[in-house]
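Observations on the three-dimensional arrangement
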Amino acid sequence: MKKREINSVRTPVYRDAGFELPTAGTTSGAFTAEADHEREPDLYIYSRYRNPTVVAAEEAIMAVEGSGWALLLQSGMAAIDTALSLFQDAGRQGTWLFFSEIYGGTLSYIGSILEKRRGVEVSFFRPSGGRYDYSHLERMIEDLRPDILFFETVSNPLLIVAEGRRIISMAKKRGARVIIDNTFATPLLWKPLDDGADLVIHSATKYLSGHGNLTAGVICGNDMTLMKSAIEYRKLVGHMLSPDDAYRLQTQMASFEVRFSRQCENASAIATILQLSGKTDRVLYPGLESHDTHVAARDLTGGKGYGAMITFDLSGSTPDEKRKRRDRFIEAVRPEIRLIPSLGDYHTILMPVEAVWGAKYPEPGMIRLSVGFERCDLLEEVIMRGLEA
Ligand code: PLP
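Residues numbered from 1 in each chain as written. Predicted model: local features only at pLDDT ≥ 70, side-chain atom pairs only at ≥ 80, totals over all residues. Heavy atoms only, no water.

Below, the discussion takes up the sheet that holds strand β8 (residues 280–284). With mixed pairing, 5 strands are arranged side by side in an open sheet as β8-β9-β12-β11-β10. Bordering the open sheet on either side are β8 and β10 (338–339), each of which pairs with just one other strand. Examined bridge by bridge, strand β9 (residues 309–314) and strand β12 (residues 366–370) share 5 bridges and lie antiparallel to one another. Across the sheet, residue aspartate 313 finds its bridge partner in β12, namely methionine 366. (Pairing = 2+ DSSP bridges. Helix = DSSP H or I, 4+ residues; strand = E, 2+ residues; numbered from the N terminus.)

This part is about the site of the ligand. Neighbouring residues of the ligand: 13 residues in total, closest Gly76, Asp181, Ser203, Thr205 and Lys206. Take serine 203: an N or O atom from its side chain is 2.8 Å from an oxygen atom of the ligand. In the complex, the protein chains occlude 89% of the 390 Å² of accessible area that the ligand would expose alone. Counting residues per element, the shell around the ligand draws most heavily on helix α3 (residues 76–85), which supplies 3 residues. By residue class, the composition of the shell around the ligand is 5 nonpolar, 5 polar and 3 charged. (Near = heavy atom within 4 Å. Polar contact = N/O pair within 3.5 Å; in protein donor to acceptor, adjacent residues only side chain to side chain. Areas by Shrake-Rupley, 256 points an atom, 1.4 Å probe, with all protein chains shown as cover. Nonpolar A, V, L, I, M, F, W, Y, C, P; charged D, E, K, R; others polar.)

Moving on, we get to the domain arrangement of the protein chain. Along its sequence, the protein chain is carved into domain 1 (24–253) and domain 2 (256–388). Measuring from the centre of the C-alpha atoms in domain 1 to the corresponding centre in domain 2 gives 27 Å. Counting residues at the interface gives 33 residues for domain 1, matched by 36 residues for domain 2. Note on domain 1 versus domain 2: buried area summed over both sides is about 3,000 Å², and carbon and sulfur give 63% of it. (Domains from an automatic or database assignment. Contact = heavy atoms within 4.5 Å. Buried area = accessible area lost by both parts, 1.4 Å probe.)

This is how it looks when you write it as structure tokens:
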């Protein structure tokens, strides 16, 4: 069949597993170029190496993140695995320092893959109550001289906001490379690369795609040596995103800023309602002055927003009563708000904290809300229905 130029403004979904190379000469040129791991090849070879639909989606993310490069992978976990593996070196064994308040899947990965299988030496920095003690962190960095420091801008489920710039500067002074999981804050609230972070990762399953209909991860950076190394790692372990998911991600990225700003506004309104309702013991939302890291959040984001996640604890005189109120709340807000173990969707979803985190956060009345972009008055009605149940 004859190939035709189509007058479309989009990069189509290129589902080719392998791409046609016209001659043996161009084939050898393409493979030589491939070994150099440029961000965008002149000739595509094989979709596990590089795919034009994926490259187009990566460019959409680079525009939002303001990064020199972005690489898409099959999931946020694949992005975390790739980012960390770039610094693993058989000839050198240093310590990697992780904040303890990071996604549970990342913690399991550290234990089961990094420590148990790969023998990486890791240490954890823990918060003091609802905030971080930075002189303690400084002492840890001083004592351990870690090769890597890894943290999340906003922790989960307590929503502790890290003083990102201060942490980067502490780590850099001692020669540590800094990797930040910025999934909750998104580039709309903070761009860590502008402040000297080495790599930023996102679970693009969340706000970047925003519709709960795909799984993807991304690593962004400015250092071209790290980019080449990440392209090689992604190719060799087969972490490449599929062109179909890349296409949907790129399309959905077009509304990312509009979606996320509205989600932050809704969350701010809902957090206030929850706090004033008299039915909660605690409402954790960095935009509330009562939040332990409100000032850190305001300084970090310049007041651009406080995210779209809220964690609240329903009141009750006994754990059993709290648990019952939690269950009644979850039942009453359906079908508008459903229990879905994810976050960042355009519609509001929730998770019962104790049921998911178990002994780490055993508060029976606690619910984590991921606020969507519904009409705020309708969302408020649903929340009130839940509180009154
Ligand atoms: N990072 C954070 C902060 C997350 O919340 C998640 C998943 O919930 C991940 C990484 C992993 O992302 P994925 O599920 O896309 O692998």
